[in-house]
Amino acid sequence: MWNNIFSPSSEQVEQIQETGHVAPPDSNKKAVVVLIHANWCGHCKRLEPEWKSMKDALDNNVKQNIIFEEIESAELDAKLPMVSKTYMHGKPLEYRGFPTIGSIRNGKFEMYGGGRTAPELFEWVRSLL
């Protein structure tokens, strides 16, 4: 541990230069699933029970390897920069309306364009592992 603090690897130095901190060790290995939604949005309201059913259906093994970042429209200004800094090396996460669903891998956000039923979302999340 002390070697990492006092003698960071070149990858850690690069992370510090880009983001100002070293990402938690597990954050690079876990899939990050992002949901950007608005409480007032009709599409988001229809998605809500499907999203909840999908999350409830995931077994603990899958849940341990997924990080869910759910951002409501009122929280965008506070949470979006934190998500960008933590998982995307400070690059901005661009979204297009509500709801926006996607995953972050290797510092890049990929929008999800599939179906929005619980089984379809479930299969997509499992495919990220």
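Residues numbered from 1 in each chain as written. Predicted model: local features only at pLDDT ≥ 70, side-chain atom pairs only at ≥ 80, totals over all residues. Heavy atoms only, no water.

Structural notes on the pattern of salt bridges
For the structure on display, the rule yields three salt bridges. Measuring nitrogen to oxygen at the nearest pair gives 2.9 Å for the salt bridge that ties Asp56 to Lys52. With Asp56 and Lys52 both in helix α3 (residues 42-57) and four residues apart, the pair spans about one turn of that helix. Taking relative accessible area as the criterion, Lys52 reaches 51% and is therefore assigned exposed. A salt bridge links Lys79 to Glu75; the shortest N-O distance between them is 3.6 Å. (Salt bridge = Lys/Arg side-chain N within 4 Å of Asp/Glu carboxyl O. Helix = DSSP H or I, 4+ residues; strand = E, 2+ residues; numbered from the N terminus. Buried < 20%, exposed > 50% of the residue type's maximum accessible area, 1.4 Å probe, protein only.)

Let's talk about the packing of aromatic side chains
Under the definition given, this model contains four aromatic pairs. Ring geometry for Trp40 and Phe98: centres 5.5 Å apart, planes at 80°, overall edge-to-face. On the criterion of sequence distance, the pair formed by Trp40 in the loop between β1 (31-37) and α3 and Phe98 in the loop between α5 (76-87) and β3 (100-105) is long-range, its members being 58 residues apart. In this structure Trp40 comes out as exposed when scored by relative accessible area, which is 60%. For Phe98, a relative accessible area of 23% translates into the label partly exposed. (Phe/Tyr/Trp six-rings, centres within 6.5 Å; stacked < 30°, edge-to-face > 60°.)

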